[in-house]
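Residues per chain, in single letters:
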Amino acid sequence: MTQAVATNDRATTFDVAAVRADFPILARNVHKKPLVYLDNAASSQKPRQVIEAVDQYYRRHNANVHRGLHTLSDEATAAYEAAREKVRGFINAAEIAEVIFTKGTTEAINLVAASYGRAHLSAGDEVLITYMEHHSNIVPWQMICEQTGAVLRVCPINERGELLLDAFEKLLSDKTRVVAFNHISNALGTVNPVKKMVKMAHAVGAVTVVDGAQAVPHQRIDVRDLDCDFYAFSGHKMFAPTGIGILYGKRYLLEQMPPYQGGGDMIKTVSFEKTVYNELPSKFEAGTPIIAGAVGLGAAVDYLERVGLDAVSAYEHSLLEYGDQRLKSVPGLRMIGDAVDKTSVFSFVMEGAHPHDIGTILSHTGVAVRTGHHCTEPLMKFFKVPGTVRASLAFYNTREEIDQLVDGLAKVREMLL
Ligand code: 7TS
C-alpha cells in the first residue's frame, strides 16, 4: 500500500504505510470492516510515540510541577517545560513566555476574550469575526460584547466559502479593537489569507486572534511570519491527547492582560491585602496543569517534525485533489465549500438523503465521518442546509480509503434513493 508522492517543487516521498503502522487504532475493525477514519477535523488518532510518552510519564515521573523539591517533581517539571519549548520551536514563537498551555482552542479563545476583552473593550468598540467561525470563535466574543457594550461585526463570504476581503477591509475602522478569524475552516476547509488579514487589521490598530485549530495538523505555522497577536490550537487535533492546547500571544500583550483565573502557580506572593501575580507564562496557568497532556503534545510535535509538515501538506494536497475529483462524480452530491485555497475537508450534501442517514450507513461500511452543523450553525444557514456530511483527512489516510468512502456513498444511494 506504500504510495510515493512526488510534489511539484520538492522530490518528497511520503511513506503512508510506514506512518499508518505508527497508529495502532487504524488496525481495528468497525462493523467487521477495516476502520476508515475520516473524522480528523473533530479529533485525530494518536501514534504509539504519543501513547508511550504519556504511559512513560505516568509510570516513571508522575508528580505535581513547580512545587516539590523531590526528584519526581523535578522530572515532571522538566518534562512539562520541555514540551513548552518544543511547541515554541514548532510555531516559531520568540520565547517560551509566549506559549500558554490551555485545555484547547476553546479555552484559549475564551482566555483572550475574557482577559484582553474585559481590559480593552468598551461601549461602541467593535469586534470583527467572520461568517465561517466555529462557535468557539463566536460565542466568547458575543459574551464579552454583551458585558462591555462592544459591537460584534461579521465579515461575509461568497458561495464558494471564501471570505470577501473587500467587505473585510470595509468593516475595519478605528473602532475595531479585535479581529478574530480561523486559519482554516473546519466545516469547509477554506484556507484564509491570514498574513494579509493580520496586516489589514493592524493598519487600523486592531489586535488579531487566529483560531488555528484546523491549520496546525496540516501545515507549518510560523507565528512570527504571520505576525498575528494571538494564535490558538488544540492538541487532540494534532495527534496529541485531549485536554491540552495552546494559546500563543505576543509578550507585550500578555503582559498587559489581567489573569484569566486565580489560584496556585499563577502567583508570586499572596496576602489578604495584595497578591502579586507570577511572570509569564505561569500568570495564565492557574492550578495543577495538564502535565501528561503536555508531555503527549511534546511527543506529537516531535512526531510531526520527524514526518515533516511540508511532506504532510504535499501528500494531503494530492489526496484532496483525488478525493475532490472522485466525490464530484457521485450523482446528486453537492460540495459545500469549494474555495480555491482549500485543504483536508470534504463537506457535502446528497439530494434526497439526510446527512445523519448517510453517516449511519457509512459507519456500517467502516467509514467514520461527521455529520451535522459542525458547530458552525450560521454557516449552515448561509448555505441553506441543515448540516453536511464531512470527511476530513489526516496524513495517514489513503486513496483507497477515499475509494471506500465513494463505494459507501453508492450504497447510500442504493438504500435511500
Ligand atoms: N476552532 C475550530 C476551527 C475547530 O475546528 C474546533 C473544533 C474548535 C475551534 C474547538 O476546538 P476544541 O478542541 O477546543 O474543542 N472542531 C470540531 C469539529 O470540527 N468537529 O468536532 C470539533
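Above this text you will find the structure in question.
Residue numbers restart at each chain and count upward from 1, following the sequence in its written direction. The predicted nature of this model means local features are confined to residues of pLDDT at least 70 and side-chain atom pairs, given and counted, to a pLDDT of 80 or more, with totals for whole chains, interfaces and linings taken over all residues. Hydrogens and water are ignored here; the side-chain numbers use all heavy atoms of the structure.

This next bit is on unusual backbone geometry. With an omega of -5°, the peptide bond between L280 and P281 qualifies as cis. Looking at where P281 falls in the secondary structure, it is placed in the loop between β12 (275-277) and α10 (291-307). Of note, the phi angle at H66 is positive, near 60°, even though the residue is not glycine. Helical segments are the DSSP runs of H or I of at least four residues, strand segments are the runs of E of at least two, and each set is numbered from the N terminus. Looking at where H66 falls in the secondary structure, it is placed in the loop between α2 (48-61) and α3 (71-91).

We now examine the pattern of salt bridges. Should their charged atoms come close, side chains of opposite charge can pair. Whenever Lys or Arg places a side-chain nitrogen within 4 Å of a carboxyl oxygen from Asp or Glu, that contact is recorded as a salt bridge. Across all of its chains, the model carries 22 salt bridges by this definition. The salt bridge involving R84 is made with E285; its shortest N-O contact spans 2.8 Å. Note that R84 is positioned in helix α3 and E285 in the loop between β12 and α10, a separation of 201 residues in sequence. Between K328 and D324 there is a salt bridge; the shortest N-O distance is 2.9 Å. Bridged by salt links that share partners, the residues E81, R84 and E285 form one connected network.

Right, let's get into the sheet that holds strand β16 (residues 370-372). Adjacent strands of a sheet form backbone hydrogen bonds with each other and so pair up, either parallel or antiparallel. Pairing is antiparallel in the open sheet, where four strands are placed in the order β13-β14-β17-β16. Unpaired on one side and paired on the other, β13 (333-335) and β16 mark the two borders of the sheet. Between one strand and the next, the sheet's axes are offset by a mean angle of 30°, whatever the strand orientation. Sheet topology note: the strand β14 (residues 345-350)/strand β17 (residues 388-392) ladder contains four bridges and is antiparallel. Across the sheet, residue F346 finds its bridge partner in β17, namely A391. Running over the sheet, helix α14 (residues 399-416) touches β13, β14 and β17 and is turned about 10° from β14. Whether two strands pair comes down to DSSP finding at least two bridges between them. Fitted lines through C-alpha atoms serve as axes, helices being fitted only where they are in contact, and the angles separating the N-to-C directions of these axes extend from 0 to 180 degrees. Here, residues are in contact when the closest pair of their heavy atoms is within 4.5 Å.

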